[in-house]
Amino acid sequence: MNFEFSDEQQQLHDSVDRYLSEQYSFDRFRTIAATAAGWDRAAWSGLAELGILGINVPTEYGGLGFGPLETLAMMGACGRSLVLEPVMSSAVIATAVLSALASSQAAADLLGQLAGGEKIAVLAHFESGSRFDAQWVTARARRSGGGYVLDGHKAVVMHANAADVLLVSARIAGEPHESAGISLFAVPRDTPGLLLDVYPTIDDQRAADVYLKGVELPAAGRLSAEGAAFAAIEAALDIGLAALCAEAVGIMQALLDATVQYVQSRQQFGQPIGRFQALQHRIADMLIHVEQARSMSYLAALRCREENVVERRKALSAAKVVVGQSARYVGQQAVQLHGGMGMTDELIVSHWFKRLTAAELMFGDSDAHLQRYAALTR
Amino acid sequence: MRLEFTEEEQAFREEVRSFLRERLPPAISQKVLNGYELSREDHVLWQRLLHERGWGGMGWPVQFGGPGWNSVQQYIFEEESALAGAPRLIPFGTKMVAPVIMAFGNAAQQQRFLPKISSGEEWWCQGYSEPGAGSDLASLKTRATRDGDVYVVNGQKTWNTLGQYADWIFCLVRTDSTAKQQSGITFLLIDMKSPGITVRPITLLDGGHEVNEIWFENVRVPVQNRIGDENKGWTYAKFLLGHERTNIAGIGIAKRELQRLKAIARSERKAGRPLIEDPLFAAHIAQVEIDLWALEITNLRVLSAERGAKAPGPEASILKIRGTEIAQRISELAMRAVGPYALPFRREAMEAGWQADPAREAPGPRYASILAATYLNQRKLSIFGGTNEIQKNIISKMIVGL
């Protein structure tokens with residue numbers, strides 16, 4: 001048992017931390033968030049040069065061949081800096097699903113392009129009726145000529161507007177809730193019949209509802225074995241969930257630090273408000289939540305590649321419950337202890353709170369994972 | 001002991017209902033029931049309609065042009081108004097400065113200001129908090145120095161709600177910095193058109209503009225606009241804060257929002273079934289509904305104990321804490337009810353009449369677009385009007401005597 005980063009992981013952590021502290025200030029976040037695109041290609045190139053886009057790509061495809069612990073080491077800083085570029089969507093989730101399908105030449109080629117940041121890909125999987133139930137797929141693929149035609153609707157696809165390629169799950173057979181019968185397709189952004197309705201999310205990221213209307217693809221557009229993509233998709237989502245937990249913990253720590261600083265400097269009744277025991281206890285509760293969440297972010301990183309699917313799901317659901325509940329408490333209390341200032345757009349506090357709120361809702365909220373955990377353990 | 005209202009009170013409720021049926025414009029109630037923002041004109045129109053019915057000065061005695069309702073009648077009126085989708089009354093005129101003017105203003109001030117508050121012709125806002133004086137309001141620094149028959153005001157107020165619409169502001173200013181904090185404060189009424197006033201918007205985390213900073217630079221205020229005596233403003237301010245706390249529990253609004261939450265949970269699907277059938281989500285709704293029921297009865301106990309017209313005592317802090325916690329919880333559950341569609345945020349979707357591009361489907365159900373923003377915005381409830389932490393101090397000091 002050992003919860004220390006290796007030297008290499010610590011180095012990665014420190015370099016990402018330093019780079020983002022210097023290069024991705026709150027002002028930069030605000031500037032990028034205010035643009036129509038909502039992300040910045042120069043910032044993306046910077047992240048590519050830093051090397052973090054290839055972390056999850058195997059070395060034979062041009063990546064660094066690292067895994068969840070290295071992802072853990074870098075995601076906290078990404079959260080704290082409120083990085084708007086698709087690190088999670090493309091460099092974590094898309095690379096994970098492509099790595100699992102890399103026996104396909106198309107997947108292998110794309111993986112190589114993702115490793116260096118030349119291309120961006122995002123997984124377009126969840127649907128409006130699924131409520132984050134990963135098996136729920138109603139988008140249809142049918143064979144036509146030598147290729148496929150896709151129809152369907154994917155909901156709230158994070159960073160879809162930034163993607164060169166969408167990795168779209170569609171059902172070739174079976175009913176909406178079945179894991180069998182799902183294939184995965186690479187759909188270039190400019191494919192006729194692919195329509196994106198792009199919008200900001202509550203935390204100033206960008207997402208889109210993706211509509212597929214008679215989208216024609218060649219046979220090589222299919223990345224998975226026919227009808228057999230679910231295991232790869234679920235594995236990628238689990239790796240993404242672990243990364244999301246790490247990102248959330250980074251934000252929680254930042255909010256705790258900012259709140260401690262605030263209550264030490266804010267004077268009311270002739271003293272810093274941090275002298276009041278009621279607020280000291282609140283801070284102590286926040287800290288307990290942060291540490292519990294950190295523990296579970298470690299569990300998630302250590303178990304997100306577990307081959308026993310039941311054990312993996314248990315660990316990840318437990319992690320999401322704790323991280324989600326902690327995110328809620330720490331976010332709400334950070335705003336509360338900042339008083340009116342915590343409600344303003346001007347302070348980064350409200351932006352961290354919003355990113356945590358979004359994190360709690362993504363990949364299934366605490367309730368959804370509490371119920372899944374109960375079902376797995378009864 | 002009985003739970004039912006008296007026959008007279010029930011008849012009064014019917015009277016309020018029929019007024020709301022006849023006079024509340026559907027264009028306004030639809031906005032309220034769907035959670036959209038109201039314009040200044042919406043608020044002013046509703047105040048005028050109430051005034052025409054003789055209800056413009058809702059909590060006021062008859063001698064000042066009010067309907068002379070007791071606190072139970074006010075409660076019934078606010079509950080029915082909320083359920084029908086009437087705008088929340090902007091409190092700064094009718095509920096805050098007006099009672100101060102009635103109790104401590106002179107006859108000239110009463111004649112000058114009260115009728116236009118009742119009719120909605122003049123919009124009031126509040127100049128209390130300052131950057132360095134929030135929970136510790138008595139440490140305020142905005143100064144007023146006497147120059148003949150005017151005060152010259154310099155300083156900064158903040159967290160001023162809807163001051164961008166206001167014609168007048170009531171302010172606490174320091175007139176004696178040598179006295180102990182509470183003893184050097186004066187209560188002034190200031191025309192917002194006075195030279196030297198600058199209103200700067202504060203953008204909140206949901207992108208909305210509902211609060212402002214207000215700067216005063218050599219603003220000249222006639223002495224005749226002072227309420228009561230110089231340096232006695234703290235007494236009037238405390239009196240005002242007592243009135244701010246009538247209807248502080250927000251029972252009617254919470255009931256309305258709970259109905260909306262249930263409607264959303266019936267409409268949303270989880271694994272093909274209505275979300276409201278999900279045992280965990282249903283239990284969350286039941287819990288908040290039970291909490292609200294308990295608070296309603298607590299509120300009625302407070303009202304029953306003071307069936308006169310006096311302002312509520314420190315027990316209002318119980319109502320404020322639980323009322324805001326319940327409102328926040330309802331907004332949180334509504335956000336969670338829509339799953340991934342809580343994430344899209346289109347500021348323009350908070351305005352009534354907004355339509356998504358008709359060539360595409362809206363991202364998620366129409367009602368989803370404002371739920372997360374509402375949740376974020378409602379975090380203010382436990383901060384403003386005296387933070388919930390300050391309310392707990394009041395309970396432990398004033399009720400318990402610790």
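Bear in mind that the values here come from a model prediction, so they are computed numbers and not experimental data.

Draft legend 1. Summary view of the interface of chain A and chain B. Opposite the 36 residues of chain A that make contact, chain B presents 34 residues. Among the elements that take part in the side of chain A that touches chain B, helix α10 (residues 348-361) of chain A stands out by supplying five residues, more than any other.

Draft legend 2. Expanded view of the environment of B:I276. All names here are of chain B. Take I276: it is sitting in the loop between β10 (273-274) and α9 (279-305). Overall, I276 belongs to the partly exposed group, with 18 C-beta atoms counted inside 10 Å. I276 sits ten residues away from R266 along the chain, and the two C-alpha atoms are 5.3 Å apart. The residues contacting I276, other than those within four sequence positions of it, are K262, A265, R266, F281 and A282.

Draft legend 3. Highlighting the environment of A:M296. All names here are of chain A. With respect to the secondary-structure elements, M296 resides in helix α8 (residues 277-303). Residue M296 is classed as buried on the basis of its C-beta count, with 23 C-beta atoms lying within 10 Å. If we skip the residues at most four places from it in the chain, M296 touches C245, A318, A319, V322 and V323.

Draft legend 4. Seen up close, the packing of helix α1 (residues 7-23) of chain A against helix α4 (residues 68-80) of chain A. Residue and element names in this part refer to chain A. Viewed as axis vectors pointing N to C, α1 and α4 meet at an angle of 20°, and their least axial separation amounts to 9 Å. One element, α1, and the other, α4, form an angle in the roughly parallel class. Crossing handedness for the pair α1 and α4: right-handed. In contact with Q9, L12, H13, V16, D17 and L20 of α1, α4 contributes L69, E70, A73, M74, A77 and C78. In the contact of α1 with α4, the residues fall into eight nonpolar, two polar and two charged.

Draft legend 5. Expanded view of the pairing of strand β4 (residues 168-174) of chain B. All names here are of chain B. Across the seven residues that make up β4, a large majority, seven, are buried. Every second residue of β4 is oriented toward a common face, with W168, F170, L172 and R174 on one face and I169, C171 and V173 on the other, all of them buried. Examined bridge by bridge, β4 and strand β5 (residues 185-191) share seven bridges and lie antiparallel to one another. Its bridge partner being in β5, C171 is matched across the sheet by L188.

Draft legend 6. Structural view of the domain arrangement of chain B. Residues and elements named next belong to chain B. Domains assigned within chain B are domain 1 (7-89), domain 2 (124-236) and domain 3 (245-399). Contact with domain 1, which involves 18 residues of that partner, is made by 18 residues of domain 3. Looking at the side of domain 1 that touches domain 3, the elements with two or more residues in it are α2 (26-34) and α4 (71-84). Broken down by element, the side of domain 1 that touches domain 3 gets its largest block of residues, nine residues, from α4. Residue composition of the side of domain 1 that touches domain 3, by class: five nonpolar, eight polar and five charged.

Draft legend 7. Structural detail: α2(B). All names here are of chain B. Within the span of α2, buried status applies to I28, K31 and V32. Take α2 and look down its axis: the buried residues cluster within an arc of 95°, on one side only. Relative to its buried face, α2 has exposed residues pointing more than 90 degrees away, namely P26 and A27. Residues of α2 that are buried make contact with α3 (40-52). Positive backbone phi, approximately 80°, marks G35, located one or two places after α2.

Draft legend 8. Highlighting the nonpolar core. Residue and element names in this part refer to chain A. Grouped together as the largest cluster of nonpolar side chains are 227 residues, with contacts concentrated most on V97, V122, L167, F185, A236, C245 and A248. It is helix α7 (residues 230-265) that contributes the most residues to this core, 20 residues altogether. Setting aside residues up to four positions removed in sequence, F185 forms contacts with A141, Y148, L150, V168, A170, L217, G221, R222 and L223.

Draft legend 9. Structural detail: the domain arrangement of chain A. Residue and element names in this part refer to chain A. Assigned domains of chain A: these are domain 1 (7-119), domain 2 (122-227) and domain 3 (231-377). Between the C-alpha centres of domain 1 and domain 3 there is a distance of 22 Å. On the domain 3 side, the residues contacting the 20 residues of domain 1 number 23 residues. Secondary-structure elements contributing two or more residues to the side of domain 1 that touches domain 3 are α4 and α5 (87-100). Examining the composition of the side of domain 1 that touches domain 3, we find that ten residues originate from one element, α4, more than from any other. Per-class residue counts for the side of domain 1 that touches domain 3 are 15 nonpolar, four polar and one charged.

Reading the values: rules and limits
- Residues numbered from 1 in each chain as written.
- Chains lettered and ligands numbered in written order.
- Predicted model: local features only at pLDDT ≥ 70, side-chain atom pairs only at ≥ 80, totals over all residues.
- Contact = placed C-beta atoms within 7 Å.
- Helix = DSSP H or I, 4+ residues; strand = E, 2+ residues; numbered from the N terminus.
- Buried ≥ 20, exposed ≤ 12 C-beta atoms within 10 Å, placed from the backbone.
- Axes fitted to C-alpha atoms, helices over the stretch in contact; angles between N-to-C directions.
- Parallel < 35°, antiparallel > 145°, perpendicular 65-115°, else oblique.
- Left-handed = near helix turned anticlockwise from the far one by under 90°.
- Nonpolar A, V, L, I, M, F, W, Y, C, P; charged D, E, K, R; others polar.
- Pairing = 2+ DSSP bridges.
- Domains from an automatic or database assignment.
- Arc of directions from axis to C-beta.
- Core = buried A, V, L, I, M, F, W, Y, C linked by C-beta atoms within 7 Å.

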